[in-house]
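Summary of structural features
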Amino acid sequence: MTTPAAAILGGRTRLCAVFGDPVEHSLSPAMHNAAYAALGLDCAYAAFHVTPERLRDALRAIPALGMPGVNLTVPHKQRALRMMARLSDEARLLAAVNCVVNRDGALHGDNTDARGLEADLREQRIALNGRAVLIVGAGGAAPSAVLACLRMGAGRVVICNRTVERANRLARRFARYVAGRGGGRARETIEARGLAALTDRATVASAALIVNATPMGLKSGGFAPLAYEAAPVDCLFYDMIYAREPTPFLAPALALGRRAMDGAGMLANQGELAFELFNGVAPPPGLMRRTLMERLGRL
Ligand code: NAP
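About the thresholds
- Residues numbered from 1 in each chain as written.
- Predicted model: local features only at pLDDT ≥ 70, side-chain atom pairs only at ≥ 80, totals over all residues.
- Heavy atoms only, no water.
- Helix = DSSP H or I, 4+ residues; strand = E, 2+ residues; numbered from the N terminus.
- Rg over C-alpha atoms; globule rule 2.2 N^0.38 Å.
- Buried < 20%, exposed > 50% of the residue type's maximum accessible area, 1.4 Å probe, protein only.
- Phe/Tyr/Trp six-rings, centres within 6.5 Å; stacked < 30°, edge-to-face > 60°.
- Domains from an automatic or database assignment.
- Contact = heavy atoms within 4.5 Å.
- Buried area = accessible area lost by both parts, 1.4 Å probe.
- Salt bridge = Lys/Arg side-chain N within 4 Å of Asp/Glu carboxyl O.
- Polar contact = N/O pair within 3.5 Å; in protein donor to acceptor, adjacent residues only side chain to side chain.
- Nonpolar A, V, L, I, M, F, W, Y, C, P; charged D, E, K, R; others polar.
- Near = heavy atom within 4 Å.
- Areas by Shrake-Rupley, 256 points an atom, 1.4 Å probe, with all protein chains shown as cover.
- Pairing = 2+ DSSP bridges.
- Right-handed = clockwise from strand over helix to strand, strands pointing away.

Scanning the protein for helices and strands turns up 11 helices and 12 strands. The C-alpha atoms of the protein give 20 Å as radius of gyration, which agrees with the globular expectation for 299 residues (19 Å, within 12%). Summarising its shape, the C-alpha atoms of the protein cover approximately 60 × 40 × 35 Å along the three principal directions. By residue count, 49% of the 299 residues in the protein fall in the buried class.

See the structure below:
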């Protein structure tokens, strides 16, 4: 059910938003506005098309307009880092901001990508317990997958990227993070490889989880060659992309009867985390997820 804007927008309405380029496809307004309506809050959530050259101006508008906070999506997450008054430890580690919170006029940058993914994986009861994971990609979202997997106990993280040097940089960053945690814990190994690692049967055979953290398959074109049949039977294939149909990364896994899921749950979890950061109150349990799944035609 959609509440007419005129019925909810007034002189006291507090506005949150997502800034992106493009942003028209965003399902965040539907999720957040459903929660506002259910809680009877005088708030609304919009999607603003903000180009990279206008990002600084758009962020300055947040305190000027008294907005509680905004989400950032492609291509703003990295660029916004330098525009925040403060950063959470996680935003600093992931080198990206996807949540900007207005705290008394100062912009605090946070990142909920890793927490959103981790919660989704934990719901699947996937046990990493020292096993290997393959992360495909080394761009904006890949660090969150590395962090989520390390927190869940992965023993070996293999970052596979088209540009190997980029994977190397990400691996070095997380190797420092792992070394910095110290405390006598067993050291996880973090490796950088090219996409050819995905057809290396021994590497794929060791994976408890394979995550696509690239836009491969989002529009036209398929996914990179991957030795699906070499994966262990309990391996979970996880695509950060979400869509109405199985994505090109997930479809071959499903055809082999393997476990496969897309990033819709991650998005819903992040929406809930952002809602609480912006409004100081949790959304009704499950409502944002149900709203998203309805929009994706799954309910
Ligand atoms: P990004 O920074 O643009 O991703 C760049 C990465 O993708 C790089 O590793 C790049 O490799 C690789 N790549 C791009 N095109 C490729 C191609 N044709 N072949 C091989 N590799 C290619 O994007 P992102 O922010 O990381 O997001 C990745 C995906 O995750 C997006 O589809 C996004 O929508 C999704 N995502 C979903 C959620 C969620 O909540 N579900 C959250 C965040 C992101 P090179 O380094 O070689 O260029």
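Additional details are given in the paragraphs that follow.
For any two aromatic rings, the description comes down to two numbers: the centre-to-centre distance and the angle of the planes. Going through the model one piece at a time under the given rule, you end up with 6 aromatic pairs. An aromatic cluster is present here, built from Phe223, Tyr228, Phe237 and Phe249 joined pairwise through their rings.

Split by domain assignment, the protein resolves into domain 1 (5-111 + 265-295) and domain 2 (114-262). Using C-alpha coordinates to define each centre, domain 1 is positioned 27 Å away from domain 2. Facing 16 residues of domain 1, the contacting portion of domain 2 comprises 21 residues. For the domain 1 and domain 2 pair, buried surface summed over both sides reaches about 1,500 Å², with 54% attributable to carbon and sulfur atoms. Area buried by domain 1 at its contact with domain 2 is led by Leu93, Leu94 and Met266, which between them contribute 40% of it. Where domain 1 touches domain 2, the interface holds 5 salt bridges. Its salt-bridge partner being Arg289, residue Glu123 comes within 3.6 Å of it at the nearest N-O pair. Taken together, the connections running from domain 1 to domain 2 amount to 7 residue pairs in polar contact (both at pLDDT 80 or more). Looking at the side of domain 1 that touches domain 2, the elements that each hand over two or more residues are helix 4 (89-94), helix 10 (264-279) and helix 11 (287-295). Looking at the side of domain 1 that touches domain 2, the element that brings in the most residues is helix 10, giving 6 residues. Here the side of domain 1 that touches domain 2 is built from residues that sort into 7 nonpolar, 5 polar and 4 charged.

Taken together, 24 residues lie near the ligand, and Ala141, Asn161, Thr163, Arg166 and Gln270 sit nearest. Take Gly140: an N or O atom from its main chain is 2.9 Å from an oxygen atom of the ligand. Here a nitrogen atom of the ligand sits 3.0 Å away from a polar atom, N or O, in the main chain of Gly263. Across the complex, the protein chains shield 78% of the 930 Å² of accessible surface that the ligand would expose by itself. Counting residues per element, the shell around the ligand draws most heavily on helix 10, which supplies 3 residues. In the shell around the ligand, the residues fall into 12 nonpolar, 8 polar and 4 charged. Residues from two domains meet in the shell around the ligand; each of domain 1 (5-111 + 265-295) and domain 2 (114-262) gives at least three.

Along helix 11, the positions that sit buried rather than exposed are Leu287, Met288, Thr291, Leu292 and Met293. Buried residues along helix 11 sit against helix 2 (28-39) and helix 10.

What follows is about the pairing of strand 2 (residues 43-49). As paired elements, strand 1 (residues 14-20) and strand 2 share 7 bridges and run parallel to each other. When the sheet's bridge partners are listed, Cys16 is paired in strand 2 with Tyr45. Read from strand 1 through helix 2 to strand 2, the crossover connection turns out right-handed.

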